[in-house]
Amino acid sequence: MFKIESMPAKVCLGLSAFLLLLYSISFMFFSIEYVTGGDTGFALIDNGLGGMTDDVAYGMGGIETGFNGVLFFGIFISTMLILFEGAKGKWTIMLPVLVGMVTMTVCIWMNWNSESAASETPKYVSIFVTLVYAVAYFLLRDEGVNEGLSDYKPGLKVNDKIAMVALILLVLSGLYYSLRMVFTPDSVISEGFPAEEAWVGLLDASEGLGAPFPTTVSVSGSLILIYTLWSALVLTDGAKGKWAVMHPSAIAFVSVTVTTYIGLVAGLARTTSDANKMDVLTIPLVMLLVLISYYRLKDEGMEDDMTFMGEPLEDGGKFTFGLLALALVIGLLTMINEVLLA
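Residues numbered from 1 in each chain as written. Predicted model: local features only at pLDDT ≥ 70, side-chain atom pairs only at ≥ 80, totals over all residues. Heavy atoms only, no water.

J.: Got a minute to help me understand the overall build of the protein in this structure?
T.: Secondary structure assignment for the protein yields 11 helices and 2 strands. Element order for the protein, N to C, with α for helix and β for strand: α-α-α-α-α-α-α-α-α-α-β-β-α. Relative to its length of 342 residues, the protein is compact, with a C-alpha radius of gyration of 20 Å against a globular reference of 20 Å. Overall, the protein is about 55 × 45 × 35 Å in size when its C-alpha atoms are taken along their principal axes. (Helix = DSSP H or I, 4+ residues; strand = E, 2+ residues; numbered from the N terminus. Rg over C-alpha atoms; globule rule 2.2 N^0.38 Å.)

Quick look at the structure:
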């Protein structure tokens, strides 16, 4: 079933995938419960603050944590893709993920709030996941993970003008959001939650709706950076065979669009400040840009050498069907969780 020959590499990627899936599901579907320590319901993982309503981190950033969960899900998909399809040429996936994971680890440690009694498990999990993923990358060198890396010479390698504009917009917007979140998370929070606005003080932390902490925001920036680097690779290295990075991106942003707009119905989306509204409007725009880039670049080899379970996949329509089916499943689960069971 797995197309990785090295058992140590298989174990490392498997551990990475398991932890990414665990945190993605926990954050996607139980983010409110996570930040309230399980006080608001079942929590697959919680921050250890159950009953500690006076803690500065109690109930803070539940919605933003859910957003991070969807981004984790896309990276989980990319890791499983390597396991199922093989490592050959997958530096295009792994190097951006490593950059994002290292950034995330540094951000978590630098922005961790020492005044809170919240569990410090994420600090150590981030180090562990980054290390085992890096070990997997080095172990996969003999299986061709770096194939094509030595030939990489950055330039505008996309011919389709519409796709080129879409990718440029993805890279520019991704850098704008990710770098601000990573380097100045406090200013991002202050723009989204102006201290002088009365509604900010009324956010109900007991329902997990408190403003996010810099840690949460900087993690968002680190994850967005991964998707930005994937788009940049398509733009600067050409579309040929880049289905491997565009599939996880499409899955992540279709999923985040579905969950965000169901959240609007459920009253679990930030729409009060101008910055919040811009974020909500940007999400479907990013999804459309990713999909436009993918489908416009089919003629430039986007789906060249595309495989499923290691076997050549000639019918690209199967990915479209799978993407829509996954969006439907995630949408139904989110609706059940946030609307019907609320």
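J.: Explanation requested: the pattern of salt bridges in the structure shown.
T.: Any two side chains of opposite charge can pair if their charged atoms end up close together. With the rule as written, the count across this model stands at 8 salt bridges. Taking the shortest distance from any N to any O, the salt bridge between E120 and K123 comes out at 3.8 Å. Since its relative accessible area comes to 9%, K123 is described here as buried. The partner of R180 in a salt bridge is E191, and the shortest N-O contact between them spans 2.7 Å. Here R180, found in helix α5 (residues 161-183), pairs with E191, found in helix α6 (residues 185-192); they are 11 residues apart in sequence, far enough to count as distant. (Salt bridge = Lys/Arg side-chain N within 4 Å of Asp/Glu carboxyl O. Buried < 20%, exposed > 50% of the residue type's maximum accessible area, 1.4 Å probe, protein only.)

J.: How should a nonpolar patch on the surface be read in this particular structure?
T.: Taken together, the side chains of V265, L328, L332, M335, I336, V339, L340 and L341 make up a nonpolar region of the molecular surface, amounting to roughly 770 Å² of accessible area. It is helix α11 (residues 317-340) that provides the largest number of residues to the nonpolar patch, a total of 6 residues. Assignment of secondary structure puts L332 in helix α11. Given a relative accessible area of 42%, L332 falls into the partly exposed group. (Patch = residues over 30% accessible without salt bridge, like charges linked within 9 Å, V, L, I, M, F, W, Y side chains within 5 Å. Areas by Shrake-Rupley, 256 points an atom, 1.4 Å probe, with all protein chains shown as cover.)

J.: How should I be thinking about the packing of aromatic side chains in this particular structure?
T.: For any two aromatic rings, the description comes down to two numbers: the centre-to-centre distance and the angle of the planes. Taken as a whole, this structure holds 15 aromatic pairs when the rule is applied. Ring geometry for F2 and F84: centres 5.3 Å apart, planes at 45°, overall tilted. Highlighted residues: F2 in the segment before α1 (7-35) and F84 in helix α2 (residues 62-85), separated in sequence by 82 residues. Taking the relative accessible area as the measure of exposure, F2 reaches 33% and is therefore partly exposed. (Phe/Tyr/Trp six-rings, centres within 6.5 Å; stacked < 30°, edge-to-face > 60°.)

J.: Sorry if this is basic, but what is going on with the side chain of S178 here?
T.: With respect to the element layout, S178 can be found in helix α5. Reaching out from S178, the side chain makes a polar contact with the backbone oxygen of G174 at a distance of 2.7 Å. Each residue touching S178, except ones within four places of it in the same chain, is listed here: G221, I224 and L225. (Polar contact = N/O pair within 3.5 Å; in protein donor to acceptor, adjacent residues only side chain to side chain. Contact = heavy atoms within 4.5 Å.)

J.: Before we go on, may I ask you to explain the environment of A17 in this structure?
T.: For A17, the location among the structural elements is in helix α1. Considered as a pair, A17 and T79 are 62 residues apart in the sequence and their alpha carbons are 6.0 Å apart. For A17, the contacting residues outside a window of four places in its chain are F76, T79 and M80.

J.: Which parts of the structure should I look at to understand α1?
T.: One full turn of an α-helix is made of 3.6 residues, so residues set three or four places apart face in the same direction. With 29 residues, α1 ought to run about 42 Å at 1.5 Å a step, yet its terminal C-alpha atoms sit only 37 Å apart, falling short of that. N-cap assignment for α1: the residue whose side-chain oxygen lies 3.2 Å from the backbone N of A9 is S6. Phi turns positive, to about 65°, at G37, one or two residues after α1. (Expected span 1.5 Å × (residues − 1).)

J.: Help me understand the environment of M246 in this model?
T.: Along the chain, the position of M246 falls in helix α9 (residues 243-266). As for M246 and S78, which are separated by 168 residues in sequence, their C-alpha atoms are 9.5 Å apart. With residues near it in sequence (within four places) discarded, M246 still touches V234, V290, S293, Y294 and M302.

J.: Explain the side chain of S293 here, please?
T.: Within the fold, S293 resides in helix α10 (residues 274-296). A polar contact is formed between the side chain of S293 and the backbone oxygen of L289, at a distance of 2.7 Å. Aside from chain neighbours lying at most four places away, what touches S293 is A163, A166, L167, L170, M246 and M302.

J.: Before we go on, may I ask you to explain the nonpolar core in this structure?
T.: Grouped burial of nonpolar side chains is what soluble globular proteins tend to show. If you look at the biggest cluster of nonpolar residues, it comprises 96 residues, and the most contacted ones within it are L13, I93, M94, Y133, L140 and F253. Sorting elements by how many residues they give to this core places α1 first, with 13 residues. Ignoring anything within four residues of it in the chain, the contact list for F253 reads L71, Y227, V286, M287 and V290. Judged by nonpolar contacts, the second largest core, of 5 residues, contains L49, A57, Y58 and A118. (Core = buried A, V, L, I, M, F, W, Y, C linked by side-chain atoms within 4.5 Å.)

J.: Would you mind going over the packing of helix α8 (residues 214-237) against α9 with me for this structure?
T.: For any two helices packed against each other, one specifies the crossing angle of their axes together with the interaxial distance. Interaxial distance between α8 and α9 falls to 10 Å at its minimum, and their mutual angle equals 135°. Here α8 is positioned oblique relative to α9, judged by the angle of their axes. Seen from above, α8 lies across α9 with left-handed handedness. Taken together, the residues of α9 that come into contact with α8 (itself represented by Y227, W230 and V234) are V245, M246, P248, S249, A252 and F253. Of the residues contributing to the contact of α8 with α9, the split by class is 8 nonpolar, 1 polar and no charged. (Axes fitted to C-alpha atoms, helices over the stretch in contact; angles between N-to-C directions. Parallel < 35°, antiparallel > 145°, perpendicular 65-115°, else oblique. Left-handed = near helix turned anticlockwise from the far one by under 90°. Nonpolar A, V, L, I, M, F, W, Y, C, P; charged D, E, K, R; others polar.)

J.: Sorry if this is basic, but what is going on with unusual backbone geometry here?
T.: Residues apart from glycine generally show negative phi values, whereas peptide bonds are mostly found in trans. Here the phi dihedral of D305 falls at roughly 60°; this positive angle occurs in a residue that is not glycine. Inspection of the secondary structure assignment puts D305 in the loop between α10 and β1 (307-308). A residue is classified by how much of its surface remains accessible, and D305, at 67% relative accessible area, is exposed.

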